[in-house]
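If you want the building blocks of each chain, they are given just below.
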Amino acid sequence: MSDTTTAVLEESVVEGLRAGLRGELIEPGNEAYDEARKVYNAMIDKRPALIVRCADVADVIAAVNFARENDLPLAIRGGGHNGAGLGICDDGLVIDLSSMKGIRVDPVDRTVRVEGGATWGAVDHATHAFGLATPSGIISTTGVGGLTLGGGLGHLTRKCGLTIDNLLSVDMVLADGQFVTASAEENDDLFWAVRGGGGNFGVVTSFLFKLHPISTIVGGPTLWELEQAPEVMRWYRDFIVDAPEYLNGFFAFLTVPPGPPFPEELHLKKMCGIVWCYTGPEEEADEVFAPVLKVGTPALHGVHSMPYPALQSAFDALYPPGMQWYWKADFITELSDEAIEQHMKYAEAPTLQSAMHLYPINGAAHRVGPNDTPWSYREATWGMVMAGVDPDPANKEVITGWARDYWEALHQHSAGGAYVNMMMEEGQERVKASYRDNYERLARIKARYDPNNLFHINQNIKPQGSER
Ligand SMILES: Cc1cc2nc3c(=O)[nH]c(=O)nc-3n(C[C@H](O)[C@H](O)[C@H](O)COP(=O)(O)OP(=O)(O)OC[C@H]3O[C@@H](n4cnc5c(N)ncnc54)[C@H](O)[C@@H]3O)c2cc1C
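(A) Region of the structure containing unusual backbone geometry. For the peptide bond that leads from P260 to P261, omega is 10 degrees, which places it in the cis range. Its identity is not glycine, yet D71 carries a phi of approximately 55 degrees, on the positive side.

(B) Highlighting the side chain of T255. Relative to the elements of secondary structure, T255 occurs in strand β11 (residues 247-255). Among the polar contacts made by the side chain of T255, one reaches the side chain of K270 at a distance of 2.9 Å. Apart from the residues within four sequence positions on either side, T255 is in contact with L268, K269, K270, T351 and L352.

(C) Local environment of the sheet that holds strand β1 (residues 24-26). Reading across the sheet, the four strands line up as β1-β2-β4-β3 and stay open at both edges, with mixed pairing between neighbours. Since the sheet does not close on itself, it has two edges, and those belong to β1 and β3 (74-77), each with one partner. Each strand axis lies, on average, 20 degrees off the axis of its neighbour in the sheet, ignoring direction. Relative to strand β4 (residues 93-96), β3 runs parallel, the two sharing four bridges. Looking at β4, one finds that A75 is bridged to V94. Packed on one face of the sheet, helix α4 (residues 57-69) meets β2 (50-53), β3 and β4 and runs near 165 degrees to β4.

What counts, and where the lines are drawn
Residues numbered from 1 in each chain as written. Predicted model: local features only at pLDDT ≥ 70, side-chain atom pairs only at ≥ 80, totals over all residues. Heavy atoms only, no water. Helix = DSSP H or I, 4+ residues; strand = E, 2+ residues; numbered from the N terminus. Polar contact = N/O pair within 3.5 Å; in protein donor to acceptor, adjacent residues only side chain to side chain. Contact = heavy atoms within 4.5 Å. Pairing = 2+ DSSP bridges. Axes fitted to C-alpha atoms, helices over the stretch in contact; angles between N-to-C directions.

Shown next, in the form of structure tokens:
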């Protein structure tokens, strides 16, 4: 236990917590401690006083009560993927949900119930057996918890909307230890708030999602030489807005990974590309992709039929845990010629894993109103992110500098705010800019459910009337 906390917590008090748990209580000095405090982003090096690896809802209630009663900082860890490291903290208590990963598919109702610590790869695996899927992100190791509560942008956004648009209800433990369900019928203010408001309102112990009949898709990348990027971007900005909704494609500046399925002559080349996910009738796929092949001269059109989980996990090997990770984001409404010119100055990312992505937000995601959920930027066309990523800590400055400079050059061409799940800790003004006119309502709901801001290790919404 850290010095700070030892001063406050008697060992007998901690023993009392341990005795009431089904799961593990991990402290500094325990063999499991260093592994348990690691998160996905290796830049984050925090030392919590207590890690409660919850086995069930009862453990979550005990941990929330313990943190509140002992005035400890409290972090909630879902998949541990948060770039800013918001699933962990110094000196406080971490509610680690990684053992709570049960999944139950109801193929008749077309829903899936997922516990708070599951990852998307596990959800895709479970639902694919029934030919069903729900929208998530583009990397299967990401946690369901954080991604969902922040919004959820991915391969199915244009067809099915954001992840939150497919959320039917949540079970959660509130700051006072109470267990509640929130849905359109029950605690509807809370249900509104969790669909984009992050982990500000409590610990979500399980999520219920709507499923869609999506099984085999046609997907993969089309790649072009970097010189052709301005032409590709100009074409893409018009095409993706009017494309059929069952076609999703995110634009990327990338470095081609040095291995199959990429041809050797492209290995380690800096290129631009679009990663497609087509969920329409397979026999019509060639026709839908025909216009893509007429743009410039594609160096690779690696699009083929595959199970949906294969696309969802296609980038996992490129992005294992333990990398240095620094990213900056913004919403984009229009991609002007001037912005494209700026993009070209930074298009050569400094390392293999560093990349810029533009995730489309149109299609089904546009049919939900800007105040229907806290996720206010429904009119945006893309979520843009510059991700500086590398395994070597020696490259920390290089990747951070590239992402920051790139973002600064493009920020003036953005809509203002950013997707909360793709931000570092950037201060209150940036959080408010993300939620715009939804912030006040979030702050009111926060004051009702968490007036003392127990859940503050997140993109924090301050309870209305409090600066705590
Ligand atoms: C490699 C990589 C790829 C990504 N790709 C995408 C993508 O395609 N689309 C996209 O939308 N996002 C993407 N993200 C961003 C991702 O959505 C966020 O990083 C998200 O916070 C990760 O959730 P987590 O549960 O893994 O994180 P954690 O670090 O465990 O938690 C993040 C935050 O969520 C809160 N939280 C987590 N679980 C719960 C819970 N059960 N109850 C209450 N609060 C909880 C935590 O308190 C914390 O504030 C990606 C991130 C990475 C690193």
